[in-house]
Structures are given as structure tokens and as C-alpha cells.
Amino acid sequence: MKTSRRNFLKTASAATLGALASGYPRFAFGEDALEKIAPRADTIIVLWMAGGMAQTETFDPKRYTPFTKGMKPGDMWSTFPSIDTAVDNIKISEGLENIAKVMDRATLIRSYTAGDLGFILHSRHQFHWHTGYAPPQTVACPHIGSFIARTLGPKNPAVPAFINIGQRFDLGEGEELKAFTTAGFLGSEHGPFNVPFPEAAADSVRPPMGMTPGRFENRDKFYRKLVENSPVMQHGSSFQRESLLRSMDNAHRLLSSSAAKAFDLSLEPVENVRKYAPDYTPGKRYNSDMNRTGSYEAGNVGRFGLGCLLARRLAEVGARYIEVTTEYIPFLNWDTHESGHEKAANMKKTIDAPVAQLVRDLEERGLLDRTLVILASEFSRDSLLEGKPGKQVKDQVPVPDTIEDMKNYGMHRHFTDAGCVLMFGGGLKRSHVHGETAPERPCKTIKDRVVIEDLHATLYTAMGISPKLAYDIEKRPFYVTRDGQGKAIGSLFT
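Rules behind the numbers
- Residues numbered from 1 in each chain as written.
- Predicted model: local features only at pLDDT ≥ 70, side-chain atom pairs only at ≥ 80, totals over all residues.
- Heavy atoms only, no water.
- Helix = DSSP H or I, 4+ residues; strand = E, 2+ residues; numbered from the N terminus.
- Buried < 20%, exposed > 50% of the residue type's maximum accessible area, 1.4 Å probe, protein only.
- Areas by Shrake-Rupley, 256 points an atom, 1.4 Å probe, with all protein chains shown as cover.
- Contact = heavy atoms within 4.5 Å.
- Phe/Tyr/Trp six-rings, centres within 6.5 Å; stacked < 30°, edge-to-face > 60°.
- Core = buried A, V, L, I, M, F, W, Y, C linked by side-chain atoms within 4.5 Å.
- Salt bridge = Lys/Arg side-chain N within 4 Å of Asp/Glu carboxyl O.
- Pairing = 2+ DSSP bridges.
- Axes fitted to C-alpha atoms, helices over the stretch in contact; angles between N-to-C directions.
- Polar contact = N/O pair within 3.5 Å; in protein donor to acceptor, adjacent residues only side chain to side chain.
- Parallel < 35°, antiparallel > 145°, perpendicular 65-115°, else oblique.
- Left-handed = near helix turned anticlockwise from the far one by under 90°.
- Nonpolar A, V, L, I, M, F, W, Y, C, P; charged D, E, K, R; others polar.

The helix and strand tally for the protein stands at 13 helices and 16 strands. Counting every position in the protein, which comprises 494 residues, the buried fraction comes to 59%. Accessible surface, the protein: about 19,800 Å² in total, of which carbon and sulfur atoms supply 51%.

Here you go:
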């Protein structure tokens, strides 16, 4: 089938409708049929670099080639110098000086290889990363956070097990992102609690200003009447209807719980907040005008940092799976189709301080060993190659014969044959590098390749979940890793 935005949405919609008819998602083979795995971690925090983070500009730098008017794109390697880190044999890119100081707590994968999905679409590769399955699928695939929420349950009954921070769904390719940011056939109660703006997270867990308790209860009753006419309640199975009602009850329980205070960043001392978002002032909102020049990224540097702070607070009160995204918006943030160097510089300002501070805070609170922190992106970038060697796909970015201005300085095309995943805690080795890429272009994986099913198997294993776990859907097993074939990368664990 030809891949297009229309076909993607059509297939996703059909799968969603199919999920409405599904019954209670039972283990396909019974828990006793699976190997018992001792969990090393209780919580996962995924830091999602949406848009395609170039490995050569971040955690796998090559030789530095400064801008020269008239230079050839093929002569453009890393557009930032490399810097030393806390580990003698690991260098990363300039602009990540804070992360460099905590690399002695890290495992760095340099050989993640994105799937061969044909024509490259960000939403398709993000779907693949977050579910473990390449779209389109005939069933509504659950997000990895939903698999974890359903399998392990909440750590704290008052706190949503799966919380998604920083992504809006009313712009760009929002509908495509919704296709995988869901519990799918597992039921609504295991879906994400979405917090689009971390600086306004407290608004998600309290009634609007001036809302009396009585009025709030009446509004809740009215909302439930509206829900009765929703597609789930009208056409869903009894399980899907009950799951939706349970999700509403869970949200109501959170509002009246003391754990709701974790969402309120105003309760955090301002000096602590500024360790994550240096430009923060109480009441600040991050909502810069969208344009492709690089100024949008510069104006939103602190937003992701507040998301990381919120993730730390939620981990402390018992959230199970937390994802914080730099946000996917076509042509913005890590989607560096132009002004790549400038945007990458601003995106590194966005992530450098908060990622390092999150690691330090978790460690100081005794949480890092039992929390797995993962920084990842859907694929990497290269100035010349679209796709991978031997499997090039249609070019989506015109690159001039010579680079005459800074607009074309930086990595632009989508490169799927290598990429970096940075991980901390969760029983993984420290000061460790896995995989290797070629020192000369194409900077492809040449050692210890990692594919999505094995990466997922590693994450599930860290959480004590078998990669062969399957749920029964449409009278067939649906595995948490593709066909149950994912194998944990044993060399990453201590």
C-alpha cells in the first residue's frame, strides 16, 4: 500500500474502531508460561528528542568542520567541536557540557538503527519507536507506556501510571501522533495522562479558578452524560466502556489526592526550577511564534526543562512511565530541514542543563538506581544521504551544490543507519559505550547494531517484563516486542 498521510490516518482510524470491539486484554499464554525476570527498575522516564536528532551533532561527533562560504555539503561533518566528558574515552558535542559531567553515570548506545519503513515520515518512525510495530497495523497498537501501565499497574493508585509531557495534538501532525499515543486495545484506563504545557501542569489536576465543589460535581455529571454518547460507549465492548469509566474515575481520584501537588511546579523553590530552566520566572509561559529561522527554538529553551523537573516530581510520587518530549512540530525543534546548526545549538541549550540535573536529582534522592532514564529520537541526520546506504529513499530536502550561507550549514536529511540512545540508571552499566559507527561518511553502524525490538526488550527486561509477553487480541497473541522476537542486550546490564 502506498504510504501517505491519508493512508496512515485511514488505517489508524480503522484499527481504532477495531479496538472498540475488543474484550478484556488477557495474557495470551498465562503468566506462568513466561520466564521470571527480577526487575532492576520500577520507573521509566523517556526523554524524547522529536524530529530526528543528528548523532554527529550530539553524542557521536566526527571531525569538526567550521562554516566556510562555498564549502561542499560532503565536506560538512560535525558542525560543533567535540568535548571531553567525565569518562576518558567518551567525547560528545560542544553545547552538552552539563551532560558531559554526568556521562560517568551513563550507558551510551551509538548503533541504534531505525526501521526500513519505505518513504520516511516522522510520524511513522515515531509510531514504530513507541509501539515496536511498523505502521500500518490492523489493530490499535498500544504505546510502550501503556504496555507497562497495564502489565505492572500503578505504583501509586492516585497517580496515573503513564504520563505524557510536552506534546500538543492540535497542530502539525497531531492526528498521526494520536495514533500511537494511546493504550489501543488495552483500554482507556491505561492510556496517557497528557500534559501539553509543563509550566501549566497544575491546571490539569485542579478545577478552574472560582469553580466551587458543588459546581464541579455537577459539571462532572454533565460530562459523563456526554460520554454516554461517545463512540466508545455507543459501539465499544463492555470492557472498553468500563475501561473508559475507570479512566474517568482515576482522573477524579487524582484531583482529590495529595499526589496532585507533584504537578504544581510553583511548590518547587525557584532556585531549583532554574537549574532546569535558567530563564524561568514564576508564571512564565513558553509560547513563541512559530517560524523556521531558529528563533522559535531559542524562545522555548526552558519548556523542556520544566518537563524534566515535572518528571522528577512525578517519579517521586509513584508514576510508572513518564515521557517528556521536546515536541514534534514539522520543521521545528530537532526537525532541522534548514538552519540546522543554529537550531541544533538551541536544542542543545534546551536539553543540556535539565537532563544533567534530572540525573543528579534522582541520584541525590536515591531514585536513580531504580529509575531508567532514556534519551532517544526516531532517527539521525546526514548532509548527503536520505535513508541508509543501499536503501536510499526519496529526497525530501534540497541541498545545494555549495553552502553559501548558514541556512544550509547543519545536518538536514533523514539518516536511519545509525543513531544514539543515552541511558542512565535502571541497573545499566555506567561509563559504558555500546556500538560503533564509521569515522568517515556514511557514518553508518559498523559494530553491535541495535534495532527497536531489542531496545524494547532491554527496557522491558529492566522493568521485569518478559519480551515474549503477549496479550490476546482478535484470537491471536500480540507481543510487547515484535512477534516476541526482541532480545535484551545483556552486555548493557551490570
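Additional details are given in the paragraphs that follow.
In this structure, Thr336 sits in the loop between strand 7 (321-325) and helix 12 (340-364). For Thr336, a relative accessible area of 5% gives the class buried. For Thr336 and Arg292, which are 44 residues apart along the polypeptide, the C-alpha to C-alpha distance reads 8.9 Å.

Further remarks concern helix 13 (residues 452-462). Of all eleven residues in helix 13, ten are buried, a share of seventy percent or more. Of the residues making up helix 13, those classed as buried are Ile452, Glu453, Leu455, His456, Ala457, Thr458, Leu459, Tyr460, Thr461 and Ala462. Elements in contact with the buried residues of helix 13: strand 1 (43-48), strand 4 (106-109), helix 3 (122-131), helix 4 (144-152), strand 8 (371-376) and strand 11 (421-425). One or two steps after helix 13, the chain reaches Gly464, where phi turns positive at roughly 80 degrees.

For the coordinates displayed, the defined rule picks out nine aromatic pairs. Judged by centre distance (5.5 Å) and plane angle (65 degrees), the rings of Phe67 and Tyr409 are edge-to-face. With Phe67 in the loop between strand 1 and strand 2 (82-84) and Tyr409 in the loop between strand 9 (380-382) and strand 10 (413-415), this residue pair connects regions lying 342 residues apart in the sequence. Looking at Phe67, the relative accessible area reads 31%, which means it is partly exposed. Here a set of aromatic residues connected by ring pairs shows up, and it is made of Tyr133, Phe147, Phe185, Tyr471 and Phe478.

Leu47, Phe59 and Phe263 are the most contacted members of the largest nonpolar core, which totals 59 residues. A per-element tally of this core places helix 11 (residues 301-317) first, with eight residues. If sequence neighbours within four positions are ignored, Phe263 has contacts with Ile163, Phe193, Val195, Ala201, Ala202, Val205, Leu254, Leu310 and Leu314. Judged by nonpolar contacts, the second largest core, of 55 residues, contains Phe147, Phe169, Tyr328 and Leu469.

On to the pattern of salt bridges, then. Under the criterion given, the structure shown has 29 salt bridges. A salt bridge links Glu404 to Lys69; the shortest N-O distance between them is 3.8 Å. Within this pair, whereas Glu404 is found in the loop between strand 9 and strand 10, its partner Lys69 is found in the loop between strand 1 and strand 2, the two being separated by 335 residues in sequence. Accessibility expressed as a relative area gives 60% for Lys69, which makes it exposed. In this structure, Asp279 engages Lys284 in a salt bridge whose closest nitrogen and oxygen atoms are separated by 4.0 Å. Its relative accessible area of 24% is what places Lys284 among the partly exposed residues. One connected set of salt bridges, linked through shared partners, spans Glu268, Arg312, Arg313, Glu316, Asp361 and Arg365.

Another point: the sheet that holds strand 12 (residues 432-434). Sheets are built from strands paired through backbone hydrogen bonds, the pairs being either parallel or antiparallel. Taking strand neighbours across the sheet as the criterion, the eight strands line up as 6-5-7-1-8-11-4-12 in an open arrangement whose pairing is mixed. In this open sheet, the two strands that pair with only one neighbour each are strand 6 (193-195) and strand 12. Mean inter-strand twist for the sheet, computed between neighbouring axes without regard to direction, equals 15 degrees. Sheet analysis places strand 4 next to strand 11, joined by four bridges and oriented antiparallel. Its bridge partner being in strand 11, Leu108 is matched across the sheet by Leu422. The strands touched by helix 11 within the sheet are strand 1, strand 5 (162-165), strand 6 and strand 7, with strand 7 carrying the most contacts at an inclination of about 170 degrees.

The buried count for strand 7 comes to five of five residues, which makes it a mostly enclosed element. Residues Tyr321, Glu323 and Thr325 line one face of strand 7 and the alternating positions Ile322 and Val324 line the opposite face, and both faces are buried. Sheet topology note: the strand 1/strand 7 ladder contains five bridges and is parallel. When the bridges of strand 7 are listed, Ile45 appears paired with Ile322.

It is worth spelling out the environment of Ser383 at this point. The topology assignment puts Ser383 in the loop between strand 9 and strand 10. Taking C-alpha positions, Ser383 is 9.7 Å from Arg441, a pair spaced 58 residues apart along the chain. If we skip the residues at most four places from it in the chain, Ser383 touches Pro73, Met76, Val399, Met411, Arg413 and Arg441. From its side chain, Ser383 meets the backbone oxygen of Pro73 in a polar contact 3.0 Å long. Within the structure, the side chain of Ser383 is placed 3.2 Å from the side chain of Arg441, a separation counted as a polar contact.

The next subject is the packing of helix 4 against helix 13. Two elements in contact, helix 4 and helix 13, have axes separated by 12 Å at closest approach and are oriented at 30 degrees. The pairing of helix 4 with helix 13 is recorded here as roughly parallel in orientation. The handedness of the crossing between helix 4 and helix 13 is right-handed. Each of Ile144, Phe147 and Ile148 in helix 4 lies in contact with helix 13, whose residues at this interface are His456, Leu459 and Tyr460. The residue inventory of the contact of helix 4 with helix 13, partitioned by class, reads five nonpolar, one polar and no charged.

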